[in-house]
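A closer look at the structure
In case you want the letters, here they are:
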Amino acid sequence: MDYLVNVAIVISIQAIAACGLNVIVGYAGQISLGHAAFFGIGAYASAMLTTKAGLTFWGALPLVLLIAAILGFLLGLPSLRVKEDFLAITTIGINFIVEAVFLYTPFFGKALGIGGIPRIYVFGQRLNNQMLLGLCLFFLALTLLICWRFTRTWAGLSCFAVRENETAASSMGISPVRAKLSAFVIGTVFAGLAGALYAHYVRFISAGDFGFPVSISMMSMVVLGGMGTLWGPLLGAVILGILPEVFRPLIDYRMFLYSLLLLLMIRFQPGGLLGEHSFVRTAFRGLTGKEKGGVAGV
Amino acid sequence: MSPVSDVILSVKNLSVHFGGLKAVDDVSFEMSRGEILGLIGPNGAGKTTCFNAISGVYNPTLGDVVLDGRRTNGTPPHGMAALGVGRTFQIVHPFTGLSVRDNVIVPLGGARYRGNFLRSFGSWRDKKIAAEAEKILDTVGLLDQADRKAGLLPIGNLRRLEIARALALRPRLLLLDESFSGLRHAEIAQIEALVRGIRAGGVAVLLIEHNMKVAMTLSDRVVVLDHGRKLAEGLPDDVSSNPDVIEAYLGKGESGRVA
Amino acid sequence: MQLLFEQLLNGLAIGSIYALITLGLALVYGILGILHVAHAGVYAVGAYVGLWLYSLSGTLLLAIPGSMIVCAALGVAIERFVYFPLLKYPPYVPLISSIALFLGLEEVCRIVAGPDLLTFPAHLPFPSFTVGGVFVSSTLTAVYSVTAIVLVFLWFVTTKTEFGLAMRAASQDMEVASSLGVDSQRVVDATFVIGSAIAALAGILVGIYYNQVYPTMGAMPAYKTLALIVVGGMGSAPGAVLASILLGLGETLLIGFANIPMPRDALAFIAMIVVLMWKPTGLLGRK
């Protein structure tokens, strides 16, 4: 039971980060391969503020989100001015540099990382794992709600427009940089939130937890579930979270099966499981006989 | 000539160079409110480059673009849209994944994207806004297609959609880049009527057109470009009998297309 | 002074190896516009196949061409079965497929050859000599010579042959080139053949240079070379070579010699960000 709770906590934390990535990649069409950097920034920020500055999780959280937003803005601004292919590479670069900063700065504990991160208290009650799962699910629900709401805002619409056609969007009064940046900052804030939860769940973090492979696995969740869909990242996180447990007897082939799955998915179903023309959606349509209108993939 | 206050657009000694290539070279002309000006010329004459300089895609290498008395060099495309310059593209640029209605709602949000930060987080799924979009779709004759994905429309309807989106900006100046190409005869007549209607509302229309019959019947005046330079300017009838213009077209093997 | 000179020689060797790997990436980006991350997987496979053939035959004369052929075939297979069908999608689709493919190739190496570090005890038949008290090993001369030969070969092929002309035409505009009678499929195939064969060569050289071959040897090159093609100018092969050699020298001098406490592997990305801010088209990039 406790084992299942732990798996569920990890899945819900990753789902929050994946939803954030989906705002950047799915809604605004900007490829980011460095999302783990912002996941790490959230985790380290919360860890430092609680262990060194003596704040509680709740006292630190607003600051953590603010730090994630500011760093997302500062790192996003130069990256989003360059061409699409450059963005993929600069975000990889951001990931490596941020990881190196954690690994090489004494302030961040270098290779030892940061330990002794306190547990989360709610109303004076120390959360056990079941309660922590409840809290994570609460934040996940909040994340999904905000993402859904974002698709209905003008800021969200400007992101869709930029994703669909940047030239046309800018001829209609939308500043592409501003639209991309708003998506980027929202995405990094969710990554920061997920990072903070992660830090207080594992209670010991080190730079390796936020390396480039983590970014790839977050991207895999979004791709697998369906970029630009509301539920896709969650579905992707659940599948990729459960697979290793199912594949446990095949632990040696796990990474291979992962990459094979990702390759087959993107090769034959680039829209993901919940994407526009996916077999899942087609089957679902056949069942309900309904066609949903509205913005693509929402 | 019209009085100065009536001038909506003045292009002064405009040059756009790409490395050594002078795509547009020292071109000047003016437009008045409610005027339809045709910009014509053989392929590669610099018409679209000229459009792009006016709509902010390119910054002029030399010269000025003055909109309503205000110099706009260096203003990005979204800034020009905000100043009331709507445009269409020769190669259509629909938001393929969005419905036709949502395509028109995008430019309706103009002020909200630029306004204060919080306003941009208001909802666009609003009956009043949908109704506004549908009114515009009605004027271009696309109302029955409102719920379709824009990517599924045939070219004629995509050209209408481009015009509808530009109109949603409530422009003072409308730039139409070959909005008639690829259309059938019946459609051409409809769009011609549409453009005249837009002009009647006081909007100045600058159009690039390959179809000489359309350009000459629709335009109040025409400007002819060739090799990036202005070759002639004047009333359609005068221009089409201008020997330099005929030479430019014949030289390009376009004989018989000058009406 | 002597140490500096030694470091310079090492830096040049590392830069040469980066250049050999980055070349393939720059060629592929130039022609298809795809960030071919899996290229580093091909490079690792090249090292393994080379080692395997060497241990079977005992001679590099068989191991090197054999590995180059295997990798050329692998490169073309990747292009035909993965990239070509994905060209119609936005660029992130082939990019993600390439990353997945790279991780898959790494895993295949690990599963087939085991996770352990293998040695590559081959001797390269190149001369060693001493200049001004500095010993230049035969491995160093081998790396320099092979790189120089590859660069001259590529320069000759791309500038002096009809095929090179077709290649440059296709990288300018594939459709226009096709309409002018260039067999673009053949040009793309050949690009992957050349790039992948060079990657195999690089893999074997690195294996011998460090005397080690391991499954994740492609990991750092995979992402570092991306930064290098940005620094060099997307799709510019001479730019990629220049950036690679500068990086090799920079890494060795700044970190090895000047002892700046900075992660060696982050330098490429820092350089990339600096270059992007100063000259967004890269060192030798065209607009």
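Residues numbered from 1 in each chain as written. Chains lettered and ligands numbered in written order. Predicted model: local features only at pLDDT ≥ 70, side-chain atom pairs only at ≥ 80, totals over all residues.

Turning our attention to the overall build of chain C. Check the secondary structure of chain C and you find 11 helices and two strands. Taking 2.2 N^0.38 as the reference for a compact globule, 287 residues should give roughly 19 Å; the C-alpha atoms of chain C span a radius of gyration of 19 Å, in line with that estimate. Across its three principal axes, chain C shows a C-alpha extent of roughly 60 × 50 × 35 Å. Contacts in chain C between residues at least 24 apart in sequence constitute 76% of all its contacts with a sequence separation of at least 6. (Helix = DSSP H or I, 4+ residues; strand = E, 2+ residues; numbered from the N terminus. Rg over C-alpha atoms; globule rule 2.2 N^0.38 Å. Contact = placed C-beta atoms within 7 Å.)

Broken down by element type, chain B carries 10 helices and 10 strands. Relative to the 2.2 N^0.38 estimate, which gives 18 Å for 259 residues, the radius of gyration of chain B is 18 Å and therefore close to what a compact globule would have. When each of the 259 residues of chain B is scored for burial, the buried share is 46%. A sequence separation of at least 24 residues applies to 67% of the contacts in chain B between residues at least 6 apart. (Buried ≥ 20, exposed ≤ 12 C-beta atoms within 10 Å, placed from the backbone.)

Notably, Phe123(A) is not glycine yet its phi reads approximately 50°, a positive angle. Residue placement: Phe123(A) occurs in the loop between strand 1 (121-122) and strand 2 (125-126). Here Glu178(B), not a glycine, exhibits a phi torsion of approximately 50°, which is positive. Structurally, Glu178(B) can be placed in the loop between strand 7 (173-177) and helix 7 (185-200). Residue Glu178(B) is classed as buried on the basis of its 21 C-beta neighbours within 10 Å.

This paragraph deals with the sheet that holds strand 8 (residues 204-208) of chain B. All names here are of chain B. What the six strands build is an open sheet, ordered 6-7-8-3-9-10; its pairing is mixed. Strand pairing shows two members of the sheet lacking a second neighbour, strand 6 (85-87) and strand 10 (229-234), which therefore form its edges. Looking at each pair of strands side by side, their axes are set apart by 20° on average, direction ignored. Alignment of strand 3 (residues 36-40) against strand 8, held across four bridges, turns out to be parallel. (Pairing = 2+ DSSP bridges. Axes fitted to C-alpha atoms, helices over the stretch in contact; angles between N-to-C directions.)

The next point concerns the sheet that holds strand 5 (residues 70-71) of chain B. All names here are of chain B. Strands sit in the order 2-1-4-5 across an open sheet of four strands; the sheet is antiparallel. In this open sheet, the two edge strands, each paired with only one partner strand, are strand 2 (21-32) and strand 5. As paired elements, strand 4 (residues 62-67) and strand 5 share two bridges and run antiparallel to each other. When the sheet's bridge partners are listed, Leu-67 is paired in strand 5 with Arg-70.

Our next topic: the interface of chain A and chain B. The extent of an interface is frequently quoted as the accessible surface area lost upon association of the parts. Residue-level contacts link 21 residues of chain A with 31 residues of chain B. Elements represented by at least two residues in the side of chain A that touches chain B include exactly helix 6 (154-164) and helix 7 (166-170) of chain A. With seven residues, helix 6 of chain A is the single largest residue contributor to the side of chain A that touches chain B. Of the residues in the side of chain A that touches chain B, the class split is 10 nonpolar, nine polar and two charged. (Nonpolar A, V, L, I, M, F, W, Y, C, P; charged D, E, K, R; others polar.)

In this complex, chain A contributes 30 residues to the contact, which on the side of chain C involves 33 residues. For the side of chain A that touches chain C, the secondary-structure elements that each account for two or more residues are helix 4 (84-104), helix 9 (212-225) and helix 11 (254-268) of chain A. Examining the composition of the side of chain A that touches chain C, we find that 13 residues originate from one element, helix 4 of chain A, more than from any other. Residues that form the side of chain A that touches chain C fall into these classes: 24 nonpolar, three polar and three charged.

All names here are of chain C. On average, chain C scores 88 in pLDDT, and the residues at 70 or more come to 97%. Within chain C, helix 2 (residues 39-57) carries the highest mean pLDDT (95), whereas helix 7 (residues 174-179) carries the lowest (76). Interface confidence for the predicted complex, expressed as ipTM, amounts to 0.87; the pTM equals 0.87. (pLDDT = per-residue confidence, 0-100.)

Residue and element names in this part refer to chain B. In this sheet, strand 2 lies alongside strand 1 (residues 7-18) in antiparallel orientation, the contact comprising eight bridges. Its bridge partner lying in strand 2, Phe-18 is registered against Leu-21. Between the end of strand 1 and the start of strand 2, which pair antiparallel, lie two residues, with Gly-19 showing a positive phi angle near 60°. Where strand 1 and strand 4 come together, five bridges link them in antiparallel fashion.

Topologically, Asp116(C) is positioned in the loop between helix 4 (92-113) and strand 1 (129-131). Under the C-beta neighbour-count criterion, Asp116(C) is labelled exposed, with 9 such atoms within 10 Å.

Our focus in this paragraph is the packing of helix 3 (residues 100-108) of chain B against helix 6 (residues 155-168) of chain B. Residues and elements named next belong to chain B. Between helix 3 and helix 6, the shortest axis-to-axis distance is 7 Å and the interhelical angle comes to 30°. The orientation of helix 3 with respect to helix 6, classified from their angle, is roughly parallel. When you trace helix 3 past helix 6, the crossing you get is right-handed. Across the interface between the two elements, Val-100, Asn-103, Val-104, Pro-107 and Leu-108 of helix 3 pack against Leu-161, Ala-164, Arg-165 and Ala-168 of helix 6. Considered class by class, the residues forming the contact of helix 3 with helix 6 number seven nonpolar, one polar and one charged. (Parallel < 35°, antiparallel > 145°, perpendicular 65-115°, else oblique. Left-handed = near helix turned anticlockwise from the far one by under 90°.)

Turning our eyes to something else, we now look at the packing of helix 1 (residues 2-32) of chain C against helix 2 of chain C. All names here are of chain C. Two elements in contact, helix 1 and helix 2, have axes separated by 10 Å at closest approach and are oriented at 140°. In this view, helix 1 runs oblique relative to helix 2, as classed from their interaxial angle. The chirality of how helix 1 crosses helix 2 is right-handed. Between helix 1 and helix 2, the residues in contact are Ile-21, Gly-24, Leu-25 and Val-28 and His-39, Ala-40 and Tyr-43, respectively. Here the residues of the contact of helix 1 with helix 2 are counted per class, giving five nonpolar, two polar and no charged.

With that out of the way, let us pick up the pairing of strand 10 of chain B. Residue and element names in this part refer to chain B. One ladder, built from five bridges, connects strand 9 (residues 221-226) with strand 10; its direction is antiparallel. Paired with Val-224 across the bridge in strand 10 is Ala-232. Taking the residues that link successive antiparallel strands as the turn, the strand 9-strand 10 hairpin has two residues, and the phi of His-227 there is positive, at about 50°.

As a further point, take helix 8 (residues 176-202) of chain A. All names here are of chain A. For helix 8, which comprises 27 residues, the first-to-last C-alpha distance of 39 Å matches the rise-based estimate of 39 Å (1.5 Å per residue) to within 8%. With 24 of its 27 residues buried, helix 8 lies for the most part within the structure. In the stretch just after helix 8, Arg-203 is the one whose phi turns positive, near 65°. (Expected span 1.5 Å × (residues − 1).)

This part covers helix 10 (residues 232-246) of chain A. Residues and elements named next belong to chain A. Counted at 1.5 Å a residue, the expected span for helix 10 with its 15 residues is 21 Å, and the 21 Å between its end C-alpha atoms agrees. Those residues of helix 10 that fall on the buried side of the exposure criterion are Gly-232, Pro-233, Leu-234, Leu-235, Gly-236, Ala-237, Val-238, Leu-240 and Gly-241. The elements touched by buried residues of helix 10 are helix 1 (2-27) and helix 9.

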